[in-house]
Amino acid sequence: MCATKGYAAVSLVWPMVLVLGVSAACVQPASAAWAPAAGPLLTRWAKDVSPDKVHPEYPRPQMVRPRWLNLNGLWDYAVLPVDAPQPEKFDGQILVPFPIEAALSGVMRQVSEKERLWYRRTFIVPPDFAGGRLLLHFGAVDWEAAVFVNGRKAGEHRGGYDSFTCDITDALRPGGRQELVVAVWDPSDSGPQPRGKQVHKPGGIWYTPTTGIWQTVWLEPVPEQWIGGIRIVPDVDNSAVRITVDVQPQAQGKSAAVKAVVKDGGRPVAEATGPADAPLEVRIPQPKLWSPDSPFLYDLEVRLGQTDAVQSYFGMRKVEIGKDPQGVTRILLNGKFVMQAGFLDQGFWPDGLYTAPTDQALRYDIEMTLKFGMNMARKHVKIEPERWYYWADRLGLLVWQDMPSGSNGMERRRGPDGKPLPPTPKDDAAAVEARRQFEKELVRMVEGLRNHPSIIMWVVFNEGWGQFDTERLTALVKNMDPSRLVNNASGWTDTSVGDVHDIHSYPNPKCPPTEEKRAAVLGEFGGLGLAVQGHLWKKESWGYKGMADAEHLTRTYEKLLRTVYDLKDSAGLCAAVYTQTTDVEVECNGLMTYDRVVKGDVERLAAVNRGDFSKVPPAPVVRSVVPTAEESPQEWRYVTEKPAGDWTKPAFDDSAWKKGRSGFGTKGTPGAVVRTEWRTTDIWLRREFQVPAGDFSALQLRVHHDEDTEVYINGVLACQLKGFATDYDEQPLAPEARAAFRPGKNVLAVHCRQTGGGQYIDVGIVEVVPAKAK
């Protein structure tokens, strides 16, 4: 039995007033067997998940106390219209902390922006928690949360990626069961808030949303005055670490005294004592530096008088922009240039979406990144639970941390030439509030993660998504954390501020121009798509460049990485980020499948990621046979209405077709050389070309396509490409098409279809001859 009480409706307005009042009835959770919902794909870790064993690890590794209570497990849930009061009856049970859309939640349904997700559970406060205060922690709730304890509002929070805490001491009953209710509203892509790649209608590079609680919920007892946070800043140049302790609540007048003890393997090596809220400088004799090759971590104990203590850790490392011995601007780690090769890491899981099934699964992704020979990951428009960064710290992975993107009340525009222009701000109240919210969450990201030595760079914007006030926000982040690099925008809309110039290029690597004070980096490239049957989210899939099999993927990857390392030496490239760690839903660009099955040859891939090409054949010699628009304009015949069925064959009469010079498409499409505008859905092209008698075995196509394309030689299908590319690349010919070549006159026929965004098509033929060994 429980007392009658209730909760009034939670308002849905942008900006929103979270909770208007309190008064309804509660029910005790019904016991029910839990099982994952029937999702498209499960990982091998799903079998390790159960209601009594779901993310049991301590969730905050850099501020550990011995006493805590994990509230993960089965909760009651209900989905109601957004303006409805708290339910008297719930829909069923959900496994926290998996989002409701995920199979491991046991529910697997979407929640619209017109609905609100309600959670409820009860708990008993352990007897040894008595005295002091009781804190309720949420690792992350997407997006807006209102928290009630025993019918009393305990807190509210807006932001889907950062942790928040409620002091629930004064809401507790004298004994027995306590009731916890959480109401969540998440507009996903119907709102302007930071959300990364979450959309209500997934497809392409956009994925299933995460709504509600998606990280650990837990209770922690603390004394009346406690350590609320610590900030750790290594100072390698002076063999010291500066530690600032935040004490809550702050005492009037005299500041509390704190003590910091640095340990190496349990042995104290340095300590300092001083007032809280001011930096303590701890000198470390002959410090051991943190790096991917040697990720050494010091243990740290921080004490607040005799009442509170937390255990932490830190790494001594320095990252900066400087010159290498040849005078090239580089990213320096501990004073030395280290070439960075890493994954674009999306952080999605087929069974848990934003939430990995287990801590072992989180660790696995990092271990595999290192096994692939990489030393870095760009965490892409998502912020992970703290334990992901803990494993990056422990195992030695450099991290570029993106700020999750949102539309931020910005409008996307294109210029007269079709190229994207910087977004322009809307000026209505909701748009202004959206940009304020982005800035708040940006600040929280830096404040929440800046103690992790693995993170060496903050990325403020990605590809112009919701981009605004770039110069000011880049300076804001740099002022908050001068110990790390700041990337103003990865790809597209660089504003010449920050520490790096970051471009994107698919599939082939490129390098931005070298600069005096900014390092040249390649924030995205690759996207070699290979769909592995039995490991697919849906029947349909896509990649930036389709691969025939694992061997084709491995060979092509070796070619791309050779170009990366050539650019390192010839053009000053400092880092390259390959798209991507794993497949995500229908996007099959990963070196692993969505359920974490390796695709290519790990040893060969690892060797080239480390810059070892000793076992890779020299790059072949490529000679143009039928030029593309890259070299010179070529005349084609074309139509935009479907022609007769035999249009691919040499005998077809195309004299009534229009004439145009290659390439065909819209200006601003990446990598395009547009001389004839094409804006319709489909285009059909034909041209004649001459080849002499001889061996045709070395011939390949050279294609730039956006989007789906079929190419024919003398009426025989030579190549079929799905999706789009952002540059020219060689494509193998089907054996039947190679056999269709004739000495003298031949016909090249092409069909290209596009569905949205930029569009482009151009095709040539090249001879690819293996280079002679030196």
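A few points on the structure.

Let us look at the overall build of the chain. Regarding its fold elements, the chain presents seven helices and 46 strands. In terms of C-alpha radius of gyration, the chain reaches 29 Å, essentially the compact-globule figure of 28 Å for 774 residues. Looking at the chain as a whole, 60% of its 774 residues are labelled buried. Considering only intrachain contacts with a sequence separation of at least 6, the fraction spanning at least 24 residues in the chain is 70%. As displayed, the chain has an accessible area near 30,300 Å², and 51% of this comes from carbon and sulfur atoms.

Attention now goes to the sheet that holds strand β34 (residues 573–579). Sheet architecture is open: eight strands sit in the order β29-β28-β25-β24-β23-β34-β31-β30, paired in parallel fashion. Each of the sheet's edge strands pairs with one partner strand only, and the pair in question is β29 (485–487) and β30 (500–505). The mean angle between the axes of side-by-side strands here comes to 25 degrees, regardless of whether they run parallel or antiparallel. Relative to β34, strand β31 (residues 519–526) runs parallel, the two being bridged by five bridges. Residue pairing for β34: leucine 522 is matched across the bridge by alanine 576. Against the sheet, helix α5 (residues 550–571) contacts β31 and β34, and its axis sits at roughly 160 degrees relative to β34.

Helix-helix packing is described using two parameters, namely the angle between the two axes and the distance between the axes. At a minimum axis distance of 9 Å, the contact between helix α1 (residues 359–371) and helix α2 (residues 386–395) shows a crossing angle of 40 degrees. Considering the angle they form, α1 stands oblique to α2. As for how α1 packs across α2, the hand of that crossing is right-handed. Facing α1, whose interface residues are Asp359, Leu362, Arg363, Ile366, Glu367 and Leu370, α2 presents Arg387, Trp388, Trp391, Ala392 and Leu395. Looking at the contact of α1 with α2 residue by residue, the class counts come to seven nonpolar, no polar and four charged.

Phi is mostly negative for residues that are not glycine, and the peptide bonds are mostly trans. The step from valine 96 to proline 97 runs through a cis peptide bond, and the omega angle for that step is 20 degrees. Along the chain, the position of proline 97 falls in the loop between β3 (92–96) and β4 (115–124). Residues other than glycine seldom take positive phi values, yet leucine 353 does so here, at roughly 55 degrees. Within the secondary structure, leucine 353 sits in the loop between β23 (340–345) and α1. For leucine 353, a relative accessible area of 1% gives the class buried.

This paragraph deals with the pairing of strand β10 (residues 177–185). Counting buried residues along β10, eight of its nine residues qualify, which places the element largely inside the surrounding structure. For β4 and β10, the ladder comprises eight bridges, and the chain directions are antiparallel. Paired with arginine 120 across the bridge in β10 is valine 181. In terms of strand pairing, strand β7 (residues 144–149) meets β10 through six bridges, oriented antiparallel. When the sheet's bridge partners are listed, glutamate 144 is paired in β10 with tryptophan 185.

Two aromatic rings, taken as a pair, are described by how far apart their centres are and by the angle between their planes. Applying the stated criterion across every chain, the model contains 37 aromatic pairs. Plain terms: the ring middles of phenylalanine 138 and phenylalanine 164 are 4.8 Å apart, the flat faces sit at 10 degrees to each other, and that makes the pair stacked. One end of the pair, phenylalanine 138, is in strand β5 (residues 133–138); the other, phenylalanine 164, is in strand β9 (residues 164–167), and 26 residues separate them in sequence. Like phenylalanine 138, the residue phenylalanine 164 is buried in the burial classification. With centroids separated by 6.2 Å and ring planes inclined at 65 degrees, the aromatic side chains of phenylalanine 689 and phenylalanine 741 adopt a geometry described as edge-to-face.

Here the focus is the nonpolar core. The biggest cluster of nonpolar side chains holds 99 residues, and the ones touching the most others in it are Ile331, Trp400, Tyr557, Leu561 and Tyr578. For this core, the element with the highest residue contribution is α5, accounting for seven residues. With residues up to four places along the chain from it excluded, the contact list for leucine 561 reads Phe525, Val608, Asn609 and Phe613. By size, the runner-up hydrophobic cluster in this structure holds 30 residues, among which are Phe138, Phe164, Ala171 and Ile213.

What follows covers α2. Structurally, the α-helix is built with 3.6 residues per turn, so residues lying three or four positions apart point the same way. The buried fraction of α2 is high, at seven of ten residues. Among the residues making up α2, those that are buried are Arg387, Trp388, Tyr389, Tyr390, Trp391, Ala392 and Asp393. In this structure, the buried side of α2 is in contact with β19 (308–314), α1, β24 (376–379), β25 (398–402), α3 (429–449) and β28 (455–459). Glycine 396, located one to two residues past α2, shows a positive phi value of around 95 degrees.

Let's shift gears to the sheet that holds β9. Sheet strands pair via backbone hydrogen bonds, and the direction of the pair is either parallel or antiparallel. Overall, antiparallel pairing links the four strands, which are arranged β1-β12-β5-β9 in an open sheet. Strand pairing shows two members of the sheet lacking a second neighbour, β1 (69–70) and β9, which therefore form its edges. Direction of pairing for β5 relative to strand β12 (residues 217–222): antiparallel, over a ladder of six bridges. Directly across from leucine 134, in β12, lies its bridge partner proline 221.

Running from amino to carboxyl end, α3 crosses helix α4 (residues 470–480) at an angle of 25 degrees, the nearest separation of the two axes being 10 Å. When the interaxial angle is binned, α3 and α4 end up roughly parallel. Our pair here, α3 against α4, has a crossing hand that is right-handed. Together, Phe438, Glu439, Leu442, Val443, Val446 and Glu447 of α3 and Arg472, Leu473, Leu476, Val477 and Met480 of α4 make up the contact between the two elements. Split into classes, the residues belonging to the contact of α3 with α4 amount to eight nonpolar, no polar and three charged.

Tracing the chain through its elements places glutamate 156 in strand β8 (residues 152–158). In this structure the side chain of glutamate 156 is engaged in a polar contact, spanning 2.3 Å, whose partner is the side chain of lysine 153.

One can find aspartate 682 in strand β40 (residues 682–691). Judged by relative accessible area, which is 11%, aspartate 682 ranks as buried. Of note is the side chain of aspartate 682, whose polar atom sits 2.8 Å from the side chain of histidine 751.

Moving on, we come to the pattern of salt bridges. Tallied over the entire structure, the rule returns 54 salt bridges. Residues arginine 303 and glutamate 301 are paired through a salt bridge, measuring 2.7 Å at the closest nitrogen-oxygen approach. Classification of glutamate 301 as buried rests on a relative accessible area of 11%. Linking arginine 596 and aspartate 365 is a salt bridge whose minimum nitrogen-to-oxygen distance equals 2.8 Å. Of this pair, arginine 596 sits in the loop between β34 and α6 (602–609) while aspartate 365 sits in helix α1, and the two are 231 residues apart along the sequence. Using a relative accessible area of 2% as the deciding quantity, one classes arginine 596 as buried. Under the relative-accessibility criterion, aspartate 365 is labelled buried at 4%. Look at the salt bridges and you will find they share partners, linking Lys545, Lys559, Glu630, Arg702, Asp729 and Glu730 into a network.

Conventions we followed
Residues numbered from 1 in each chain as written. Predicted model: local features only at pLDDT ≥ 70, side-chain atom pairs only at ≥ 80, totals over all residues. Heavy atoms only, no water. Helix = DSSP H or I, 4+ residues; strand = E, 2+ residues; numbered from the N terminus. Rg over C-alpha atoms; globule rule 2.2 N^0.38 Å. Buried < 20%, exposed > 50% of the residue type's maximum accessible area, 1.4 Å probe, protein only. Contact = heavy atoms within 4.5 Å. Areas by Shrake-Rupley, 256 points an atom, 1.4 Å probe, with all protein chains shown as cover. Pairing = 2+ DSSP bridges. Axes fitted to C-alpha atoms, helices over the stretch in contact; angles between N-to-C directions. Parallel < 35°, antiparallel > 145°, perpendicular 65-115°, else oblique. Left-handed = near helix turned anticlockwise from the far one by under 90°. Nonpolar A, V, L, I, M, F, W, Y, C, P; charged D, E, K, R; others polar. Phe/Tyr/Trp six-rings, centres within 6.5 Å; stacked < 30°, edge-to-face > 60°. Core = buried A, V, L, I, M, F, W, Y, C linked by side-chain atoms within 4.5 Å. Polar contact = N/O pair within 3.5 Å; in protein donor to acceptor, adjacent residues only side chain to side chain. Salt bridge = Lys/Arg side-chain N within 4 Å of Asp/Glu carboxyl O.

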